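Chain by chain, the residues run as shown.
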Amino acid sequence: MLKRARGLWAWLLAPAVLIISNQTMAEEVERWKLNMVEGVTPISREVYGLHMLMFWWCVVIAVVVFTIMFYSMIMHRKSRGVKASNFHESTVLEIVWTAIPLIILIAMAFPATTSLIKLYDTSEAELDVVITGYQWRWRYEYLDEDVYFFSNMSTPREQIEGLEARGANYLLEVDEPLVIPVDTKVRFLITAADVIHSWWVPAFGIKTDSIPGFINEAWAIVDTPGTYRGQCAELCGRDHGFMPIVVEALPKDEYQQWLDQKRTDLAEIRQLTEQTFEFEELYQRGQQVYTQWCVACHRADGAGVSGIFPALIGGVSVGPVEGHMDVVVNGVPGTAMQAFGEQLSEVDIAAVITYERNAWGNNMGDMVQPIDIFNFKQND
Amino acid sequence: MAHGPAKGLRRWLFTTNHKDIGSMYLWFSFAMFIVGGIFALIVRAELFEPGLQIVDPNFFNQMTTMHGLVMVFGAIMPAFVGLANWMIPLMIGAPDMALPRMNNWSFWILPFAFLMLLSTLFMPGGGPNFGWTFYAPLSTKYAPESVIFFIFAVHIMGASSIMGAINIIATVLNMRAPGMTLMKMPLFVWTWLITAYLLIVVMPVLAGAVTMVLMDTRFGTSFFDGAGGGDPVMFQHIFWFFGHPEVYIMILPAFGIISAIIPTFARKPLFGYSSMVYATASIAFLSFTVWAHHMFTVGMPIAGELFFMYATMLIAVPTGVKVFNWAATMFKGAMTFETPMLFAIAFVMLFTIGGLSGLMLAIAPADFQYHDTYFVVAHFHYVLVPGALFSIIAAAYYWLPKWSGRMYNEVLGKTHFWVAFIGLNLTFFPMHFAGLAGMPRRIPDYHMMFADWNMISSIGALIFGASQILFLYIVLDAIFRGKKATGQVWEGAEGLEWTLPSPAPYHTFSKPPEIK
């Protein structure tokens, strides 16, 4: 904080700083980000151009209006001994200042319309990615590739609470980024599982609402490999500020390698379902799963939030195992509790249930194996 | 019938006097302005630096929601109704409002609505946390229990607004002094007449929206649930069909106030009176055709996007006419810069900035980047704070001598202006940059790249908030210790209200005045 206050001061003294050190100044300017990014897709560049065009039009209009006003304020003040005129009507003037803005607006409408038509052209995509918004994470599914995964924010709570130094990508980092190939027309099919979210990556010029029950489309051709970051843009509940988006654009061959690797990983996880685990293994894994998936609502100490998110101390955690599995797998309709049956693997569900039944003094002493979850889903 | 006010509390509870009711509206709105301001300062305190320091994200969401609701329905709207109550009868030479008992009722239900709304903060699960726009399904399936109290409170506020609007229309159309033709009415009366019609059209739409939310949360319907055949986007269409005219409800009366103040201190008649009336009417009409520009990213078909983009851009024309008319009124006048004039000039300039960023937002493809970022927050605060709010403060300074019979302290008034002006620009201007750099709105924590702008905004907010305490002091100081005001008060002021003594007697124009 102190450092920023000093930075603030430096900015106020900018001219002096400029003389002292050109480099400091350059760093300061870099830090005080103030404009839209130009981005790396045809749409984002188009939008950036439009934004700058509109901005300069607005500057011109503001300068004209403010000049007239300041001229009057300086020249036509009573203290200079001027006498007020009495004119108060002019049809010609009224027509002029209705017509000129109208012409400017028409001039603005042309580029805006052509850009919008390009923005809406999602045809001939080479790759389709289904994006589903959840409270508070994103799910990415590569259509026809049998690859899907969830993407959670990976910034540790300690950084948010100020107990640790904040990383370079504070709040803008995830456990598994979306990976797409460069120079490929990617179509995003965007929907939601619970409330409305909005998938926004500034560098792509894409912001599209993800709405439960509906599918929206957007597209991008990324021409520069790199990592691009964005955030959910529509208020979606408690952790709206903590569901970032990270997209990695890879060269085509590296993308293919990644995709193959991902398929193998998913197959391995499916195999784990058939294994039997020790209690300690499940408990440890369960704790990790809980921290990643459950902690936002039910809190680290399992106490929940009174009136909204039920406590897991006692309650369902000390009831019958089937009831516990039902809540986690199928969710609780009409509440914020989602159905995790599709979101988590059998191993992870078994682990987190085992953890919840034995943590925070629940001490039920029982455990659930992945195969139990598999059977529960089959009979469900 | 000419008797004085009753004594004690009964005067205020049972009054049917437009001046008493106007004063109560104004004091109530000031109280709500302070409450909403405290909520805003809690938000700004949390956003002072990155990280979560002060409040839980869920409470943060309650604060942003309540700040919006309290400021829109508690501070801005009642203040304009209060000004209408005080000034419309005085401006058109009427003895009182047309429906005085309903007038009393429409005020007195308001404090209870807000008591109920604010009490939700202390309920289990907390108050409304879904934004003042309460998008479904966040406000239905995923809402805290207290949502029904929010709905009931909104119903009462709506009823109050509708009654106020009916009263104003009835008064303006029936109670004008002989000779006060429509095209002789002061612009404040004109803008309020048009606003009243907007209110009557859209408040029932809001009532419908909250009722559907109630049905979805408590009676198992699926208006806004795709799984039951409903549509969450339909909620947004209904809400913004109310919401966009609502924006103009909060700015049209402000246009009327500014059109009264600038001619007074420029000592020159308002330029283009009739074009001002027509511009107001066209803005009101266009306001019904632009609602979906709040929804450019919901996936509308391209034809819809284009329609709402063009219609929105068109609003710039009548709005521009107004700004040019005010500038032309100032041109070749003989200006002095008392406090109301300072606020009025700041209104024209800063509202223009808000209008220009509005024009940028109207461009649909660019809006995909601006939407739901701090750029939008900056935009609408520039039209609501130096717009609506500054006009109300300007009106308070302008007419306070007429209401209380006493002058405020000019030095303190100007101090209030400059502190508020600096504070407000420090608060809201950096939000443009934060938004363009990529900061979404309604988030309790953010990346370090937004840290500097946010720190400036928070400091500015504190300065702006503090300046309003000074405002309270100035008003109280004027009422109790101010110098006696003349009837004319301002050298260049024209209109029926200035023909009355200051303070305006409890009953005025019992006999209609003569209109030249």
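For clarity, every value in this text was computed on a predicted model and none was experimentally measured. (Residues numbered from 1 in each chain as written. Chains lettered and ligands numbered in written order. Predicted model: local features only at pLDDT ≥ 70, side-chain atom pairs only at ≥ 80, totals over all residues. Heavy atoms only, no water.)

Asks: Just to check I follow, could you spell out the overall build of chain A for this structure?
Replies: Counting its secondary structure elements, chain A contains 12 helices and 10 strands. Counting only C-alpha atoms, chain A reaches 95 × 50 × 50 Å along its principal axes. Evaluated residue by residue, chain A yields a buried proportion of 48% over its 380 residues. Of the accessible surface of chain A, which amounts to about 18100 Å², a share of 59% is contributed by carbon and sulfur atoms. (Helix = DSSP H or I, 4+ residues; strand = E, 2+ residues; numbered from the N terminus. Buried < 20%, exposed > 50% of the residue type's maximum accessible area, 1.4 Å probe, protein only. Areas by Shrake-Rupley, 256 points an atom, 1.4 Å probe, with all protein chains shown as cover.)

Asks: Looking at this structure, I do not really get the overall build of chain B. What am I missing?
Replies: The secondary structure content of chain B amounts to 15 helices and 0 strands. Scaling as 2.2 N^0.38, a compact globule of 516 residues should have a C-alpha radius of gyration of about 24 Å, and chain B matches this with 22 Å. A principal-axis box enclosing the C-alpha atoms of chain B has dimensions of 65 × 45 × 45 Å. Looking at the 516 residues of chain B, the share that counts as buried comes to 68%. Sequence separation of 24 or more characterises 82% of the internal contacts of chain B that already satisfy a separation of 6 or more. Of the roughly 16300 Å² that chain B leaves accessible, carbon and sulfur atoms contribute 73%. (Rg over C-alpha atoms; globule rule 2.2 N^0.38 Å. Contact = heavy atoms within 4.5 Å.)

Asks: Just to check I follow, could you spell out the environment of K511 of chain B for this structure?
Replies: Residue and element names in this part refer to chain B. By secondary structure assignment, the location of K511 is in the segment after α15 (451-481). Classification of K511 by relative accessible area gives exposed; the value is 71%. Each C-alpha atom of the pair K511 and G82 lies 24 Å from the other, and the pair is 429 residues apart in sequence.

Asks: Any chance you could explain the interface of chain A and chain B here in plain terms?
Replies: One frequent convention defines the size of an interface as the accessible area lost when the parts assemble. Facing the 96 residues of chain A at the interface are 103 residues of chain B. Summed over both sides, the interface of chain A with chain B buries roughly 8800 Å², with 70% coming from carbon and sulfur. Linking chain A to chain B there are 2 salt bridges. Residue D56 of chain B is joined to R238 of chain A by a salt bridge in which the shortest nitrogen-to-oxygen separation is 2.7 Å. The interface formed by chain A and chain B contains 25 residue pairs in polar contact (both at pLDDT 80 or more). (Buried area = accessible area lost by both parts, 1.4 Å probe. Salt bridge = Lys/Arg side-chain N within 4 Å of Asp/Glu carboxyl O. Polar contact = N/O pair within 3.5 Å; in protein donor to acceptor, adjacent residues only side chain to side chain.)

Asks: Would you mind showing me how to read the packing of aromatic side chains here?
Replies: Aromatic ring pairs: the centre-centre distance and the angle between the two ring planes describe each pair. Tallied over the full model, the rule gives 71 aromatic pairs over all chains. Judged by centre distance (4.9 Å) and plane angle (75°), the rings of F417 of chain B and W418 of chain B are edge-to-face. A relative accessible area of 46% places W418 of chain B in the partly exposed class. Above the face of the Y170 of chain A ring, R166 of chain A is positioned so that its terminal group lies 5.1 Å from the ring centre. Positioned above the aromatic ring of W200 of chain A, the side-chain terminus of K207 of chain A is 4.0 Å from the ring centre. (Phe/Tyr/Trp six-rings, centres within 6.5 Å; stacked < 30°, edge-to-face > 60°. Lys NZ or Arg CZ within 6 Å of the ring centre and 35° of its normal.)

Asks: Help me out: how do you make sense of the domain arrangement of chain A in this one?
Replies: If you check the domain split of chain A, you get domain 1 (22-75 + 90-119), domain 2 (127-269) and domain 3 (273-379). Between the C-alpha centres of domain 1 of chain A and domain 3 of chain A there is a distance of 54 Å. (Domains from an automatic or database assignment.)

Asks: Sorry if this is basic, but what is going on with the sheet that holds strand β8 (residues 216-220) of chain A here?
Replies: The strands that make up a sheet are held in pairs by hydrogen bonds between backbone atoms, and each pair lies either parallel or antiparallel. Residue and element names in this part refer to chain A. Reading across the sheet, the 5 strands line up as β3-β2-β1-β5-β8 and stay open at both edges, with mixed pairing between neighbours. Taken across any chain shown, the strands that pair with only one partner, and hence form the sheet edges, are β3 (147-151) and β8. The mean inter-strand angle of the sheet, taken between neighbouring strand axes irrespective of direction, is 20°. Relative to β3, strand β2 (residues 137-142) is paired through 5 bridges, and the arrangement is antiparallel. Its bridge partner lying in β3, Y140 is registered against F149. (Pairing = 2+ DSSP bridges. Axes fitted to C-alpha atoms, helices over the stretch in contact; angles between N-to-C directions.)

Asks: Teacher, can you tell me more about the nonpolar core here?
Replies: Soluble globular proteins tend to bury their nonpolar side chains together. Grouped together as the largest cluster of nonpolar side chains are 264 residues, with contacts concentrated most on F188, W199 and F204 of chain A together with F73 of chain B. Considering every element that reaches this core, the biggest residue donor is helix α3 (residues 57-92) of chain B, with 22 residues. If near-sequence neighbours (up to four positions away) are discounted, F73 of chain B is found in contact with P78, F114, W132, M157, M203, L206, F242 and E246 of chain B. F150, Y290, C294 and V295 of chain A belong to the second largest nonpolar core, which has 28 residues in total. (Core = buried A, V, L, I, M, F, W, Y, C linked by side-chain atoms within 4.5 Å.)

Asks: Sorry, what's going on with the side chain of T184 of chain A here?
Replies: Checked against the element boundaries, T184 of chain A lands in the loop between β4 (178-181) and β5 (186-192). Among the polar contacts listed, one links the side chain of T184 of chain A to the backbone oxygen of V182 of chain A, at a separation of 2.8 Å.

Asks: Whenever I open this one, helix α5 (residues 91-119) of chain A confuses me. Can you help?
Replies: Relative to the 42 Å expected for 29 residues at 1.5 Å per residue, α5 of chain A spans 42 Å between its end C-alpha atoms, a close match to the ideal helical length. Every buried residue belonging to α5 of chain A is among E94, W97, P101, I104, L105, M108, A109, A112, T113, S115, L116 and L119 of chain A, and all of these are buried. Contact partners of the buried residues in α5 of chain A: α4 (42-75) and β8 of chain A together with α9 (273-286), α10 (302-330), α11 (339-362) and α12 (364-370) of chain B. (Expected span 1.5 Å × (residues − 1).)

Asks: Explain helix α2 (residues 18-46) of chain B here, please?
Replies: Helical geometry note: an α-helix holds 3.6 residues per turn, so side chains three or four residues apart project in the same direction. A rise of 1.5 Å per residue sets the reference length of α2 of chain B, with its 29 residues, at 42 Å; its end C-alpha atoms lie 42 Å apart and thus fit the reference within 8%. Residue N17 of chain B occupies the N-cap position of α2 of chain B, its side-chain oxygen lying 2.6 Å from the main-chain nitrogen of K19 of chain B.

Asks: Looking at this structure, I do not really get the packing of α11 of chain B against helix α14 (residues 410-436) of chain B. What am I missing?
Replies: Axis angle and axis distance: for two packed helices, these are the angle between their axes and the distance between the axes, and together they describe the pair. Residues and elements named next belong to chain B. Their axes nearest at 10 Å, the elements α11 and α14 cross at an angle of 10°. Accordingly, the angle class assigned to the pair α11 and α14 is roughly parallel. Two secondary-structure elements touch here, α11 through T339, L342, F343, A346, L350, I353 and S357 and α14 through E410, G413, K414, H416, F417, W418, F421, L424, N425, F429 and H432. Looking at the contact of α11 with α14 residue by residue, the classes come out as 10 nonpolar, 6 polar and 2 charged. (Parallel < 35°, antiparallel > 145°, perpendicular 65-115°, else oblique. Nonpolar A, V, L, I, M, F, W, Y, C, P; charged D, E, K, R; others polar.)

Asks: Honestly, the side chain of T297 of chain B in this entry has me stumped. Any pointers?
Replies: With respect to the element layout, T297 of chain B can be found in the loop between α9 and α10. A residue is classified by how much of its surface remains accessible, and T297 of chain B, at 1% relative accessible area, is buried. Looking at T297 of chain B, its side chain comes within polar contact range of the side chain of D209 of chain A, at 2.9 Å. Each residue touching T297 of chain B, except ones within four places of it in the same chain, is listed here: K207, T208, D209 and N216 of chain A together with F368 and H371 of chain B.

Asks: Help me out: how do you make sense of the pattern of salt bridges in this one?
Replies: Side chains carrying opposite charge are able to pair once their charged atoms draw close together. This structure, assessed with the given rule, holds 19 salt bridges over all chains. K78 of chain A is the partner of E491 of chain B in a salt bridge, and the nearest nitrogen-oxygen pair spans 2.9 Å. Separated into two different chains, E491 of chain B in the segment after α15 and K78 of chain A in the loop between α4 and α5 make up a pair that spans both. For E491 of chain B, a relative accessible area of 51% puts it in the exposed group. Classification of K78 of chain A by relative accessible area gives partly exposed; the value is 34%. Across the salt bridge formed by E176 of chain A and K262 of chain A, the nearest N and O atoms sit 2.0 Å from each other. With E176 of chain A in the loop between α6 (157-160) and β4 and K262 of chain A in helix α7 (residues 252-272), the pair connects residues that are 86 residues apart, well separated along the chain. On the basis of relative accessibility, which here comes to 11%, the residue K262 of chain A falls in the buried class. Taken together, the shared-partner salt bridges in this structure form one network comprising K78 of chain A together with R267 and E491 of chain B.

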